[in-house]
Amino acid sequence: MSSEQTRVRQIRSKNPGFAGETGEFDLTEAEIRGTDYVGKRPLDGGHPAVAGTLPYQLAERDPEAPLFEGPYAERLEKILSRYPDRQAALLPTLHMAHEIRGHISPETMDEVARKLELPPAYVRGVATFYTMYNLRPVGRYLIQVCTNISCNLCGGEEVMEAFLEATGTEAGEVSADGRFTVIEVECLGACGFPTVVQINDRYYENVKPGDVPAILEKLK
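Definitions and limits used
- Residues numbered from 1 in each chain as written.
- Predicted model: local features only at pLDDT ≥ 70, side-chain atom pairs only at ≥ 80, totals over all residues.
- Heavy atoms only, no water.
- Axes fitted to C-alpha atoms, helices over the stretch in contact; angles between N-to-C directions.
- Helix = DSSP H or I, 4+ residues; strand = E, 2+ residues; numbered from the N terminus.
- Parallel < 35°, antiparallel > 145°, perpendicular 65-115°, else oblique.
- Contact = heavy atoms within 4.5 Å.
- Nonpolar A, V, L, I, M, F, W, Y, C, P; charged D, E, K, R; others polar.
- 1 Å grid on protein atoms, 1.4 Å probe; cavity = no way out; pocket = protein on both sides within 12 Å on 5 of 7 lines; lining within 4 Å.
- Points joined across faces, edges and corners; volume = space filled by probe spheres on them.
- Buried < 20%, exposed > 50% of the residue type's maximum accessible area, 1.4 Å probe, protein only.
- Pairing = 2+ DSSP bridges.
- Arc of directions from axis to C-beta.

Student: Give a detailed account of the packing of helix H4 (residues 90–101) against helix H6 (residues 120–129), specifying residues and quantitative values.
Tutor: Packing of H4 against H6 brings their axes to within 11 Å, and their N-to-C directions diverge by 70 degrees. On the basis of the axis angle, H4 is roughly perpendicular to H6. Contacts between H4 and H6 involve Leu-90, Leu-91 and Leu-94 on the former and, on the latter, Tyr-122, Val-123, Val-126 and Ala-127. Of the residues assigned to the contact of H4 with H6, the class counts are seven nonpolar, no polar and no charged.

Spelled out as C-alpha cells, the structure:
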C-alpha cells in the first residue's frame, strides 16, 4: 500500500460522520453520544461541545417513557450546564427526547417546553423546522437514503427503490412488522461516499442496489 493510500485510510477511519458512526466499525453508545464526555473531546474526534448534542436514534424506544428521570435527569443537567440559558439548550433537549421516545409528538414538545420554561409555540416552531426530528412514529430501523446530487449521480434513486421493494413499504410508512421505515433525504453530508444511507445512527457508504439485501440481513 502506498503512503498516500495509508494517509487516506487514516483520515477515513477518524471520520465520525454526522451521526457519529461510519462504516463497519462499532462504537459504544457512550462513545457516540458522549454521555460520559460532556466537556471532554470525544474519543473519535470532534469538538467537545458537540459530543452530547448529536442525535441518537435507538432501535429500542418507548413513546410513553418518562423524559427527565433517572440517568436522563442527569443528562439534562449536563446539557443545561453547557449553555447560557434554557432556550439555547432546546435542540439537545429535543435530541434526548427523540432518543428516548423515537419521535417528537405534540405532547412531548409541550413537556419539553414546561421543563425548559419556554413558550410551547416556540418549541413547536423549532421541532417542526428541523427534518432530523421524527414527528410521528417510525419503524425500529429508520432508513434514510440520500438522493442529492452526488448520490443521485451514483444511483441513489435506485438504492431508494431497492430498499422500498425489499421492505415492502411506501416511502415514509412503517412496515407491517414494525421494523422498517424508508425515507428519502436531501443530503447526509457525506458526498465523498455516494450513495450514502443512514440507518438509525450508522452511515453506510458507497451503497449499491445489490447491497440492500445484505444490509437488511445485518439488521435482523
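Read on for the rest.
Student: How would you summarise empty space enclosed by the protein if you had to cite specific residues and measurements?
Tutor: In total, this model carries two cavities of 30 Å³ or more according to the counting rule given. Its volume calculated, the second largest cavity comes out at about 40 Å³. Lining the second largest cavity we find Cys-146, Asn-148, Ser-150, Cys-151, Cys-187, Leu-188, Gly-189, Ala-190, Cys-191 and Val-196. In terms of residue class, the lining of the second largest cavity is made up of seven nonpolar, three polar and no charged.

Student: Explain the pairing of strand E2 (residues 141–146) to me, using residue names and the numbers behind them.
Tutor: With six of its six residues buried, E2 lies for the most part within the structure. Of the two faces of E2, both are covered, the one formed by Tyr-141, Ile-143 and Val-145 as well as the one formed by Leu-142, Gln-144 and Cys-146. In terms of strand pairing, E2 meets strand E3 (residues 180–185) through six bridges, oriented parallel. Along E3, the bridge assignment pairs Ile-143 with Val-182. Looking at chain direction, E2 and strand E4 (residues 197–199) are connected through three bridges and run antiparallel. In the strand pairing of E4, Ile-143 is matched with Ile-199.

Student: An account of helix H3 (residues 71–81) is requested, with residue identities and associated values reported.
Tutor: Side chains that are three or four residues apart share a direction in an α-helix, a result of its 3.6 residues per turn. Every buried residue of H3 is listed here: Tyr-72, Arg-75, Leu-76, Ile-79 and Leu-80. The buried side chains of H3 occupy one side of the element, clustering within an arc of 135 degrees when seen end-on. Turned more than 90 degrees off the buried face of H3, the exposed positions are Pro-71, Glu-77 and Ser-81.

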